[in-house]
Amino acid sequence: MKMIQNPHSENMSEQSPLTVLVVGSGGREHTLAWACQKSPLVQRVIAAPGNPGMAKDGCECENVAADNIEEIVQLAVETCVDLVVVGPEVPLSLGLVDALAQAGIMAYGPKADGALFEASKSHTKAFLLKYGIPTGAADSFEDASAAKEYLNTAAYPIVIKADGLAAGKGVIIAEDHETALQTVDDMIVGAKFGESSKTILIEECLVGEETSIHVIVSGSDYIILPTSQDHKPIFEGDKGPNTGGMGAYSPADLIDDTLMQRIEAEIVKPSVDGLVAEGVDYRGTLYIGLMITTTGPKVIEFNVRFGDPETQVLIPRLETDPVEIMLATIKGELGSLDVKIKNDYAITVVLASQGYPESYPKGEIISLPKTLEDNEMVFHAGTKKDADGNILTNGGRVLGATALGSNLHEAAEKAYRLCDRISFDSKYLRRDIGAKELNRQTT
Ligand SMILES: Nc1ncnc2c1ncn2[C@@H]1O[C@H](COP(=O)(O)OP(=O)(O)OP(=O)(O)O)[C@@H](O)[C@H]1O
Ligand SMILES: [Mg+2]
């Protein structure tokens, strides 16, 4: 185990247990907080703002919004936090890690210059092209008429993206010219996503299987986490509108060893080297969205944090303490850390409110299992507690039921049994999380 230094006190012994602050309130953050709670390196976990699931696990939830940089830093200073784990992209792009560094507090996640790789799609596209990293051809536009002129000669379908953060809603795949023109008007002229769509990216539509990888980057060192697969569409069989993610499993055999070697050589290594060459000292998770095309893997996007719900399957599979990995990342010791992964398979099934991703009810009482077996977890995503102590639905994605098993079939059976032990009136879930992979395994 690595020696831990407490940045606040030279006098404290090096192994002093840490106080950790987890920033965010979703299923991803509950999973990260759960891992911190279990870590022998940690004595106290605070969450801002957290959720009732995190509170039940022993986190102290403080009512401070994740994107209120000033108040988060103040909370971290006042409560003598040693390590801040930042879940979502917005506080990262607002410079939370920079502000914490100024206050002398360690934080897991990139500074604003690294977070820009999620906060500006045109910035990332220029980077990918500069370093010869495979990605779809694209042009960026600030002027609606120039964008429309470009669309006159474009091939359809074509992808139109708001440049900035848009909570996962800023991408339209336009099937025809008319839809594309309307999208340009909505985004640039109508400022559909405010500042975020003042600039748009018009991108070649890539065809293939979509997947992603999580890379932990510490300057020039990196480790690639196990494979995982999200399920974005709301309905079974990958039908219907996209959501934040309806479930995930890990490992995912879509990326085999040969493909992973290619992804590492053509995408991961040049990206990490490119960040260094650009003077970006990136310390955190780099999530690379990929399309596996007939000509090889191509980058769809970078995210600068863990995926949700991928975190719910990746973190429980780590044999090595995730807190140790995060500390090594921050301190530049990742290169000498031997990260071990469990042999278990993991699956997470999201329990959503009927109607999501459009409108859905809130405030329904949730009945949760009184006890959980080993290797079963319920991560809260959109819940709140009322004055009587009831846990209520409070979001589109409400909970994630996670299970580990010695194979994917066992993990899936356990996760779905767990789903059946949870009830609320509008409960909706996909029954086919991991089904494609299970079919591949049995044929
Ligand atoms: N060039 C492309 N070709 C085909 N499909 C694409 C392309 N770019 C994006 N998509 C589809 O649109 C989705 C969203 O795109 P992208 O990941 O760039 O946006 P995002 O809003 O940042 O998403 P997220 O919420 O996952 O971070 C992708 O997951 C993919 O399914
Ligand atoms: Mg993104």
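Everything numeric here is computed off the predicted structure, so don't read it as measured data.

*Asks:* I would appreciate a short explanation of the nonpolar core in the present structure.
*Replies:* Within soluble globular proteins, side chains that are nonpolar generally end up buried alongside one another. In terms of nonpolar packing, the biggest core is built from 46 residues, with Leu21, Val84, Ile213 and Ile288 touching the most fellow members. For this core, the leading source of residues is helix α10 (residues 257-277), giving seven residues. Here this core spans two domains, and each of domain 1 (18-112) and domain 3 (209-336) adds at least three residues to it. Discounting chain neighbours no more than four positions away, the residues touching Leu21 are Ile46, Ala47, Ala48, Ile72, Leu75, Ala76, Val81, Leu83, Val84 and Val85. Among the nonpolar cores identified, the runner-up in size contains 40 residues, and Val45, Tyr108, Ile223 and Ile330 belong to it.

*Asks:* Just checking my understanding: could you explain the domain arrangement of the protein chain for this structure?
*Replies:* Many authors give the size of an interface as the accessible area that is lost as the parts come together. What the domain assignment lists for the protein chain is domain 1 (18-112), domain 2 (143-198), domain 3 (209-336) and domain 4 (345-442). Taking only C-alpha atoms, the centre of domain 1 and the centre of domain 2 are 35 Å apart.

*Asks:* Explanation requested: the packing of aromatic side chains in the structure shown.
*Replies:* Each pair of aromatic rings is reported with the distance of its centres and the angle of its planes. This model, assessed by the stated rule, comprises eight aromatic pairs. Arranged with centres 6.2 Å apart and planes meeting at 70°, the rings of Tyr356 and Tyr360 form a pair that is edge-to-face. Joined through ring pairs, the aromatic side chains of Phe117, Phe127, Tyr131 and Phe302 make up one cluster.

*Asks:* I tried to follow the sheet that holds strand β1 (residues 18-24) on my own but got confused; where do I start?
*Replies:* Note: strands within a sheet are paired through backbone hydrogen bonds, in either parallel or antiparallel orientation. Read across the sheet, five strands follow the order β3-β2-β1-β4-β5 without closing on themselves; strand pairing throughout is parallel. The sheet terminates laterally at β3 (60-61) and β5 (106-108), the two strands that pair on one side only. When strand β4 (residues 83-86) meets β5, the two strands line up parallel, connected through three bridges. By the bridge assignment, Val85 is partnered in β5 with Tyr108. Helix α1 (residues 27-38) contacts β1, β2 (42-49) and β4 of the sheet and is inclined by roughly 175° relative to β1. Across the face of the sheet, helix α12 (residues 322-331) comes into contact with β1, β2, β4 and β5 while running at roughly 115° to β5.

*Asks:* Is there a simple way to explain the site of ligand 1 in this structure?
*Replies:* Within the structure, ligand 1 sits among 17 residues, and Lys121, Glu203, Glu204, Leu206 and Glu210 are positioned closest to it. In this structure, Lys121 approaches ligand 1 through a side-chain N or O atom, which is 2.7 Å from an oxygen atom. Lys161 places a polar side-chain atom, nitrogen or oxygen, 2.9 Å from an oxygen atom of ligand 1. Summarising the interface, the protein chains cover 86% of the accessible area of ligand 1, which totals 600 Å² for the free molecule. Of all the secondary structure elements, the ones that give two or more residues to the shell around ligand 1 are β7 (158-162), β8 (171-174), β9 (200-204) and β17 (296-303). For the shell around ligand 1, the element with the most residues is β17, which contributes three residues. Its residues placed into classes, the shell around ligand 1 shows seven nonpolar, two polar and eight charged. Inspection of the shell around ligand 1 shows a minimum of three residues originating in each of domain 2 (143-198) and domain 3 (209-336).

*Asks:* Help me understand the sheet that holds β7 in this model?
*Replies:* Across the sheet, which stays open at both edges, the four strands sit in the order β6-β9-β7-β8 with antiparallel pairing between neighbours. Single-partner strands in this sheet number two, and they are β6 (138-141) and β8. Going from strand to strand, the sheet's axes swing by 20° on average, the running direction of each strand aside. By the bridge criterion, five bridges tie β7 to β9 in an arrangement that is antiparallel. Paired with Ala162 across the two strands is Ile200, which belongs to β9. Against the sheet, helix α7 (residues 121-130) engages β6, β7, β8 and β9, with an angle of about 45° to β9.

Rules and cut-offs
Residues numbered from 1 in each chain as written. Chains lettered and ligands numbered in written order. Predicted model: local features only at pLDDT ≥ 70, side-chain atom pairs only at ≥ 80, totals over all residues. Heavy atoms only, no water. Core = buried A, V, L, I, M, F, W, Y, C linked by side-chain atoms within 4.5 Å. Buried < 20%, exposed > 50% of the residue type's maximum accessible area, 1.4 Å probe, protein only. Helix = DSSP H or I, 4+ residues; strand = E, 2+ residues; numbered from the N terminus. Domains from an automatic or database assignment. Contact = heavy atoms within 4.5 Å. Phe/Tyr/Trp six-rings, centres within 6.5 Å; stacked < 30°, edge-to-face > 60°. Pairing = 2+ DSSP bridges. Axes fitted to C-alpha atoms, helices over the stretch in contact; angles between N-to-C directions. Near = heavy atom within 4 Å. Polar contact = N/O pair within 3.5 Å; in protein donor to acceptor, adjacent residues only side chain to side chain. Areas by Shrake-Rupley, 256 points an atom, 1.4 Å probe, with all protein chains shown as cover. Nonpolar A, V, L, I, M, F, W, Y, C, P; charged D, E, K, R; others polar.

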